[in-house]
Every structure is written in structure tokens, then in C-alpha cells.
Amino acid sequence: MQHDTRDEQHERQGRHEHQGHDSRHADHADRSAHAGHTADAPGKADWSMAARATLHCLTGCAIGEILGMVIGTALGWGNAETMVLAVILAFAFGYTLTLRSVLKAGVDFRTAFRVALAADTLSIAVMELIDNGVIALWPGAMDAQLADALFWGALALSLAVAFAVTTPVNKWMIGRGKGHAVVHRYH
């Protein structure tokens, strides 16, 4: 019968645990399956991911923007008041879409709200700046009414231009672990 000293037992046990520890790390060595997830570690963001993030933002912005313009125009408000309402609603709906998806993951409201702010603020701001800039610079677009083709045509073009300009911004942010990258851990 062999009697080991405590030190010998501890050393043998330590080697065994360490070997198991190393083997668990080997399972995680190949992270290529997670290449598209940049929330925890910044990396290369692809255009497809950036376009999806931008489309997500664009959906909320478009809902708010259109609703704001429809309400302001229907109530006979001036251009400035209508644009302010449209921008406020664009942010509200943009944040709401992200909040909804993060809350579904079981996150508390306060954390979900912080995630939405981090994920969407710059994206929505760029989108609104471009969108409203196109409409403001388009001759006659600011004075177009709901029944005018110019109203809907200028709005559609402004949203398309906003998408095109905001997608590279989102790609840059996701590649640095910012913007919509912070939402990925909740999907």
C-alpha cells in the first residue's frame, strides 16, 4: 500500500485539473464560428451585418419619420415643428424596436434601455441628419403635402440616401464592438 504525502496528492490533483482546464480551452480555440459576433471582442464587421443593423434602425426611423410628417402635415404645422416631431418620433421608434428585442431576452428595462441607447444613438442621429438634410435641400419637398407625389418621393429617396450613408457608419462601429454589436449578446 502506497501512502502519498499531501504535497504529492495535491500536485497530482493539480496536474489533473490543469489538464482538464487545458482541454476545455482547446474547445474554444477555434472562434471562427463566432466571427460575426463582435459585441465582446471588436473584430472585422462585414457589410451584410452592417446593412442589417442599418435596416433595423431605418425601420424605426422611417416609422417615426413618416408618422411625424403625417401628423405635422395633417395638423397644418409649420416645417420646423413637423420636422422636430418627426425626429423625436424617429428616435422613439428606433429605440423601441431595440428595446423590444432586448427585453425579449429577459433583460431588465434599465439595462435594455442602456443597450438601446448604446446601439442606436449614433446610427439614428446620422440617419436623421441625412434624411432631413435631403428633404430640406430638395426643392419644394418641405412644402409638399401628403397627397403630393413629391412628398412621398422625397421621403423615399431621403431614407434610401440615409441608409447608404449610415451603413458604413454602422460597419465601423460594429467592427469596434460598439453600436449594434452590443445587441448581439442578447440574441
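Every value quoted in this text rests on a predicted model; they were computed, and no experiment measured them. (Residues numbered from 1 in each chain as written. Predicted model: local features only at pLDDT ≥ 70, side-chain atom pairs only at ≥ 80, totals over all residues. Heavy atoms only, no water.)

## Examining the overall build of the protein
Then, number 1: Per the secondary structure count, the protein includes five helices and zero strands.
Then, number 2: Ordering the α and β elements of the protein from the N terminus gives α-α-α-α-α.
Then, number 3: Looking at the protein as a whole, 34% of its 187 residues qualify as buried.
Then, number 4: Taking contacts inside the protein between residues at least 6 apart in sequence as the whole, the part at least 24 apart equals 72%. (Helix = DSSP H or I, 4+ residues; strand = E, 2+ residues; numbered from the N terminus. Buried < 20%, exposed > 50% of the residue type's maximum accessible area, 1.4 Å probe, protein only. Contact = heavy atoms within 4.5 Å.)

## Things to note about the nonpolar core
Then, number 1: Counting residues in hydrophobic clusters, the biggest one holds 25 residues, and the most contacted among them are Met69, Ile124, Met127 and Leu155.
Then, number 2: When contributions to this core are tallied by element, the ones reaching two or more residues are helix 2 (47-74), helix 3 (79-104), helix 4 (109-137) and helix 5 (149-175).
Then, number 3: With near-sequence residues (within four places) excluded, Met69 lies in contact with Thr82, Ala86, Asn132, Ile135, Leu146, Phe151 and Leu155. (Core = buried A, V, L, I, M, F, W, Y, C linked by side-chain atoms within 4.5 Å.)

## Overview of the confidence of the model for the protein
It should be kept in mind that the predicted coordinates are not to be read in detail where pLDDT is low.
Then, number 1: On average, residues of the protein score 78 in pLDDT, and 73% of them are at 70 or above.
Then, number 2: The low-confidence segment residues 14-41, where pLDDT is below 50, has 14 contacts with residues more than four positions distant or belonging to other chains. (pLDDT = per-residue confidence, 0-100.)

## Re the packing of helix 4 against helix 5
Then, number 1: Contact geometry for helix 4 and helix 5: axes closest at 8 Å, N-to-C directions at 150°. Considered as vectors, helix 4 and helix 5 are oriented roughly antiparallel to each other. For helix 4 against helix 5, the interelement crossing comes out right-handed. Of helix 5, the residues touching helix 4 (which contributes Leu122, Ser123, Val126, Met127, Ile130, Asp131, Val134 and Ile135) are Ala154, Leu155, Ser158, Leu159, Val161, Ala162, Val165, Thr166, Val169, Asn170 and Met173. (Axes fitted to C-alpha atoms, helices over the stretch in contact; angles between N-to-C directions. Parallel < 35°, antiparallel > 145°, perpendicular 65-115°, else oblique. Left-handed = near helix turned anticlockwise from the far one by under 90°.)

## A few points about helix 4
Then, number 1: The first and last C-alpha atoms of helix 4 sit 39 Å apart over 29 residues, in line with the 42 Å expected at 1.5 Å per residue.
Then, number 2: Residue Asp120 marks the point of greatest curvature in helix 4, where the axis turns by about 45°.
Then, number 3: In this structure Asp108 caps helix 4, since a side-chain oxygen of it lies 3.3 Å from the backbone nitrogen of Arg110. (Expected span 1.5 Å × (residues − 1). Bend = angle between axes of the 7 residues up to and from the residue. Polar contact = N/O pair within 3.5 Å; in protein donor to acceptor, adjacent residues only side chain to side chain.)

## Points about the packing of aromatic side chains
Then, number 1: Applying the stated criterion to the full structure yields three aromatic pairs.
Then, number 2: Residues Phe91 and Tyr95 carry aromatic rings whose centres are separated by 5.9 Å and whose planes lie at 50° to one another, so their mutual orientation is tilted. With Phe91 and Tyr95 both in helix 3 and four residues apart, this pair spans about one turn of that helix. There is no split in this pair, since Phe91 and Tyr95 are both buried.
Then, number 3: Aromatic pair Phe151 and Trp152: ring centres 4.8 Å apart, planes at 75°, arrangement edge-to-face. (Phe/Tyr/Trp six-rings, centres within 6.5 Å; stacked < 30°, edge-to-face > 60°.)

## Quick notes on a nonpolar patch on the surface
Then, number 1: Together, Leu67, Ile71, Leu75 and Trp77 make up a nonpolar patch on the protein surface, roughly 360 Å² of accessible area in all.
Then, number 2: If you trace the backbone, Ile71 turns up in helix 2. (Patch = residues over 30% accessible without salt bridge, like charges linked within 9 Å, V, L, I, M, F, W, Y side chains within 5 Å. Areas by Shrake-Rupley, 256 points an atom, 1.4 Å probe, with all protein chains shown as cover. Salt bridge = Lys/Arg side-chain N within 4 Å of Asp/Glu carboxyl O.)

## As for the side chain of Asn170
Then, number 1: Considering the arrangement of structural elements, one finds Asn170 in helix 5.
Then, number 2: A polar contact of 3.1 Å, which involves the side chain of Asn170, links it to the side chain of Ser123.
Then, number 3: Non-local contacts of Asn170, meaning those with residues more than four positions away in its chain, are made with Ala50, Ala53, Thr54 and Ser123.

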